[in-house]
Each structure stands twice: as structure tokens, then as C-alpha cells.
Amino acid sequence: MRRGAALGLAVVLLLPTAAAADSGDALPGVTQQRRDAGGKPAGCLPPSTKGTQLTPWPQTFLRPERAWPLSRGEGVTVAVVGTGVTDGAGLLAGRLDHAPRLAGAGDPAQDCVGHGTFLAGLIAADHRDGTGFSGIAPRARVLAVSVTDDGGATSPDLLARGITAAADAGARVIAVGVALPAGNDALAASVRAARAKGALVVAPAGPDASGGPSKPVPAFPAAYPEVLSVRDLAPGGVLPEGAAVGGRVDLAAPGVAVMGPGPAAGGYYTGAGPSFATAFVAASAALTLGYQPGLTADQLAQRLEATAYRTTDPAYGYGTVDPVAAVTRLTPADPAPVPAATPLAVPPPPPPSPAPDRATLIALTSLAVVLLAAAAAVLAPRARSRSWHPGRLPAD
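Residues numbered from 1 in each chain as written. Predicted model: local features only at pLDDT ≥ 70, side-chain atom pairs only at ≥ 80, totals over all residues. Heavy atoms only, no water.

**Here's the deal with the overall build of the chain**
Part 1 of the reasoning: Each helix and strand counted, the chain has ten helices and nine strands in total.
Part 2 of the reasoning: Per-residue burial over the chain gives 47% buried out of 396 residues.
Part 3 of the reasoning: Here the contacts in the chain between residues at least 6 apart in sequence split such that 76% fall between residues at least 24 apart. (Helix = DSSP H or I, 4+ residues; strand = E, 2+ residues; numbered from the N terminus. Buried < 20%, exposed > 50% of the residue type's maximum accessible area, 1.4 Å probe, protein only. Contact = heavy atoms within 4.5 Å.)

**Overview of the nonpolar core**
Part 1 of the reasoning: Membership of the largest hydrophobic core comes to 63 residues, with the highest contact counts inside it found for Val78, Leu122, Ile123, Leu200, Leu228, Val281 and Leu304.
Part 2 of the reasoning: If we ignore the near neighbours within four places in the chain, the residues touching leucine 200 are Arg172, Val173, Ile174, Arg195, Leu228, Ala285, Ala297, Leu300, Ala301 and Leu304.
Part 3 of the reasoning: Among the nonpolar cores identified, the runner-up in size contains 30 residues, and Val81, Val147, Ala199 and Ala222 belong to it. (Core = buried A, V, L, I, M, F, W, Y, C linked by side-chain atoms within 4.5 Å.)

**Concerning the packing of helix 4 (residues 115–124) against helix 7 (residues 274–291)**
Part 1 of the reasoning: Where helix 4 contacts helix 7, the two axes come as close as 8 Å, and the packing angle between them is 35°. For the pair helix 4 and helix 7, the crossing hand works out as right-handed. On helix 7, the residues touching His115, Phe118, Leu119, Leu122 and Ile123 of helix 4 are Ser275, Phe276, Ala279, Phe280, Ala282 and Ala283.
Part 2 of the reasoning: Looking at the contact of helix 4 with helix 7 residue by residue, the classes come out as nine nonpolar, two polar and no charged. (Axes fitted to C-alpha atoms, helices over the stretch in contact; angles between N-to-C directions. Left-handed = near helix turned anticlockwise from the far one by under 90°. Nonpolar A, V, L, I, M, F, W, Y, C, P; charged D, E, K, R; others polar.)

**Thoughts on the packing of helix 7 against helix 8 (residues 297–306)**
Part 1 of the reasoning: Close contact between helix 7 and helix 8 brings their axes to 11 Å; oriented N to C, the two are set at 115°. Considering their axes alone, helix 7 and helix 8 lie roughly perpendicular with respect to each other. Note that helix 7 runs across helix 8; the crossing there is right-handed. The segment helix 7 lies against helix 8, with Ser284, Ala285, Thr288 and Leu289 engaging Leu300, Arg303 and Leu304. (Parallel < 35°, antiparallel > 145°, perpendicular 65-115°, else oblique.)

**Here we look at the packing of aromatic side chains**
Part 1 of the reasoning: Throughout the structure, instances matching the rule amount to four aromatic pairs.
Part 2 of the reasoning: Here phenylalanine 220 and tyrosine 224 contribute two aromatic rings whose centre-to-centre distance is 5.2 Å and whose plane-to-plane angle is 65°, an arrangement assigned as edge-to-face. (Phe/Tyr/Trp six-rings, centres within 6.5 Å; stacked < 30°, edge-to-face > 60°.)

**Looking at the state of the cysteines**
Part 1 of the reasoning: What the rule picks out here adds up to one disulfide.
Part 2 of the reasoning: Bridging cysteine 44 to cysteine 112, the disulfide has an S-S length of 2.0 Å. Its S-S torsion of about -115° marks the bond between cysteine 44 and cysteine 112 as left-handed, since a negative value means left-handed. Residue cysteine 44 is found in the loop between helix 2 (18–23) and helix 3 (57–62), and its partner cysteine 112 is found in the loop between strand 2 (96–98) and helix 4; the two are separated by 68 residues along the sequence. (Disulfide = S-S within 2.5 Å.)

**Digging into helix 5 (residues 156–168)**
Part 1 of the reasoning: The terminal C-alpha atoms of helix 5, which comprises 13 residues, lie 18 Å apart, in line with the 18 Å expected from a rise of 1.5 Å per residue.
Part 2 of the reasoning: Looking at the packing, one finds that the buried side of helix 5 touches strand 1 (77–82), strand 3 (141–146), strand 4 (173–176) and helix 6 (185–196).
Part 3 of the reasoning: Of the residues one or two after helix 5, glycine 170 is the one with positive phi, at around 90°. (Expected span 1.5 Å × (residues − 1).)

**Quick look at the sheet that holds strand 3**
Part 1 of the reasoning: The parallel open sheet is built from seven strands, whose spatial order is 2-3-1-4-5-6-7. Each edge of the open sheet is held by one strand with a lone partner, namely strand 2 and strand 7 (251–254). For this sheet, the mean inter-axis angle between neighbouring strands, taken without regard to orientation, is 30°.
Part 2 of the reasoning: Pairing geometry for strand 1 and strand 4, over four bridges, is parallel. Residue pairing for strand 4: alanine 79 is matched across the bridge by isoleucine 174.
Part 3 of the reasoning: Of the strands in this sheet, strand 1, strand 3 and strand 4 are in contact with helix 4, which crosses strand 1 at around 160°.
Part 4 of the reasoning: Each of strand 5 (200–204), strand 6 (227–233) and strand 7 is contacted by helix 8, which is oriented at about 45° to strand 5, the strand it contacts most. (Pairing = 2+ DSSP bridges.)

**Focus on the pairing of strand 4**
Part 1 of the reasoning: Taking every second residue as pointing to the same face, both faces of strand 4 are buried, with Val173 and Ala175 on one and Ile174 and Val176 on the other.
Part 2 of the reasoning: Relative to strand 5, strand 4 is paired through three bridges, and the arrangement is parallel. Within strand 5, the residue paired with isoleucine 174 across the bridge is valine 201.
Part 3 of the reasoning: Between the parallel pair strand 4 and strand 5, the chain is carried across by helix 6, and the sense of this crossover is right-handed. (Right-handed = clockwise from strand over helix to strand, strands pointing away.)

**Observations regarding the environment of alanine 186**
Part 1 of the reasoning: Summarising the element assignment, alanine 186 is placed in helix 6.
Part 2 of the reasoning: When the C-alpha positions of alanine 186 and leucine 158 are compared, they lie 9.3 Å apart, and in sequence the two are 28 residues distant.
Part 3 of the reasoning: Filtering out sequence-adjacent residues up to four positions away, alanine 186 remains in contact with Asp157 and Ala160.

**Let's talk about unusual backbone geometry**
Part 1 of the reasoning: Geometrically, the link from phenylalanine 220 to proline 221 is a cis peptide bond, its omega value of 15° lying close to zero.
Part 2 of the reasoning: Looking at where proline 221 falls in the secondary structure, it is placed in the loop between strand 5 and strand 6.
Part 3 of the reasoning: Even without being a glycine, arginine 63 presents a positive backbone phi close to 50°.
Part 4 of the reasoning: Tracing the sequence through the fold places arginine 63 in the loop between helix 3 and strand 1.
Part 5 of the reasoning: Taking relative accessible area as the criterion, arginine 63 reaches 27% and is therefore assigned partly exposed.
Part 6 of the reasoning: Residues other than glycine seldom take positive phi values, yet alanine 257 does so here, at roughly 55°.

This is the structure in C-alpha cells:
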């Protein structure tokens, strides 16, 4: 895989190994849901005191800074549909909006689970001195849409209303942070309507939770054809051991040992699963739209797929998302560039050269000399035979 050798210490730091846990250096984890053994909400995510100055491996792997001279996601709104977003760290200052609260869902400005805030940070968090972390599209706007209860659970109907609210608010990219084992007509209709309004819906190809069913099943809304379905990759861009998804995969992105912010100011957290990979694809879409805002949702999806780093393994779908290539590379679907017409500059006629006139004068003069010499040669002997000599002027 590309860039595998460049991961280095960031990978070691962010992997929650047993040794790190024993030493107290492991980052606390964020999951899609916080529920106790009885299925009830388990309380809000505790603040983290762990930080790092190193660059997380997904940023080293994707290298978004190479696209930042052209785009940082300016002018693009990405909706994060999940547990809400609380920007306690101020990493989204001036670029965070909250959709109206939906019946049956929590307050979109109060993210008790922390998952939505984490995803929003991966997408658009600003860089701060003293840390290597930054969002992939650090100038994009975030629209927080809550579609879960305080523990992170949702339903197809509630998720459908959230996607509709995001599209109605003008989001160009909709990052869905949840995965359901089944959909319904309302959810399918909301996805189609969002795509028709010009929004690209990106969703995880499976749930984040480990220990799921032995036979993977499709996840919704990712199973719908209008949705860009994303799976997760481990450090180095490889597939996680033992991980499998049961539905269609369009793109792959970093999703294991991922670092991001939480709802409160302070340290960072780590997470693993397709939902985190979804955030990186959504951010890549925002970067692309920031540079080419005229792309339709279909064209945007095609560009992300066409510029992905391809492998021979179909488990990667079209390949690993490449935000730099998505922004900069020409694809077969792009119109051929037409150079601007440049008028031909016709030089003015050169001034007439005096050379021909001079040559003619010289030739005539030479001819005259020759004729005079010939005449003299003929007349001189005749004059001598007649005793002719030049006359003299009379003396005064």
C-alpha cells in the first residue's frame, strides 16, 4: 500500500494496546452508542485529559495539506447526522450550525455520546498549535443534525427525517454516523430526495460495534444505491483483521485507531469502525466541492470513485479515497480543456530596402564607364592618324 512506511510513531501512539492502557497513555474511546448492559443510556462521555503533538496516521496517510492551497472546504456545508455536535474545544468556532431539534431525538447542540462531535472534528476541525491534529477540510461548515436518543440509538423513520432536514438546510454533503440493520420506505425516499436536491449522502457500510453477527448483513442507509457506502481501513491502509461488511462497498478510508476531539475542551479520543471512515470520505467531498463547487452530486460521487487509489481486492470497492487526487486530477468524465483563442499577430510589412536601388545605380554607372572606355578605345587611334591633338585655350 502507498505511504505505508510514513506512518511511524503516530500508529504506535494511537493504537490502544494493552501496554499503553497499563501505563495510562491510551486515549479513551468513542463509540456509536453509550448503553449499559440493560440497553439504557450509560451517561455522557467523560472528558479526556490525553493529548499528543504527533500527527494522527490518517492525516499522514491522506496528506490533505497538499490540497489546501486549492481548497480547504470553504463555502461547503457538511451535515453530520448522528448524536449531535458540541464544540467545547472551539475547533469549529464560527463554522457550526445546529438543525432544529427533531421529535424523538436529542438536542443537536448537546452531544452526550460524543460520536457526532468526533466525526465533525475529523471533517472540519481547525488546527491548533501544540497538536498535529486537524480536520481534513478545516474551513468547511458543519450542520449538526441529531437523530438519536441520549444513548445513540435511532430508527429508520427518525434517520429519514434527519437526512431530509439536512438536505432542506442546503447541505452539499451529508455524513451519516449511524448504521441500521434494516431500512424502510421513508428512509429510502429521504435518500432519493436528498440526492435530487444536490446532496451527496455518505454512510458506513456496517456498524462500528465488534462482536456482531457472524454473517455480515447490509447496513442502511448505505445499502441504497444513491448512497456512497464506506468501509474502514487499519493503519497502513490494510483491511482490519476479521472485519467484514455484508453490503456494497464504494470506497475505503482510515477507520481504525483514529484520533479526534470530544464534546468538552481538553484531550482527544480514539475510535474504530466504518463510521469514522465515513467522516474522511465526507471531508474529501467537501474539499473537492470547495475547489469545484459546480459539481453535481452524481459528478462528485464519480470523481471520488474515479480518483480513489485502486487495488485488486474488491473488498475496497473502487479503492481508498484520495482527497488530493479528487481535488486536482482530471478524470475521464471531465470535459476536455479548451484553450482560449489567441489572435494571430500579423507583423507589419518591413520598410522597403534601399539595396535594389543602390544595385541598379552601381550597375548603370559601371555600364557607363565601360561604354566610355570602349568609345575612347575606338576614337583615340583615329584621332592620332589625323594628327589631332587637344586644343589649347588662347593666351590673354
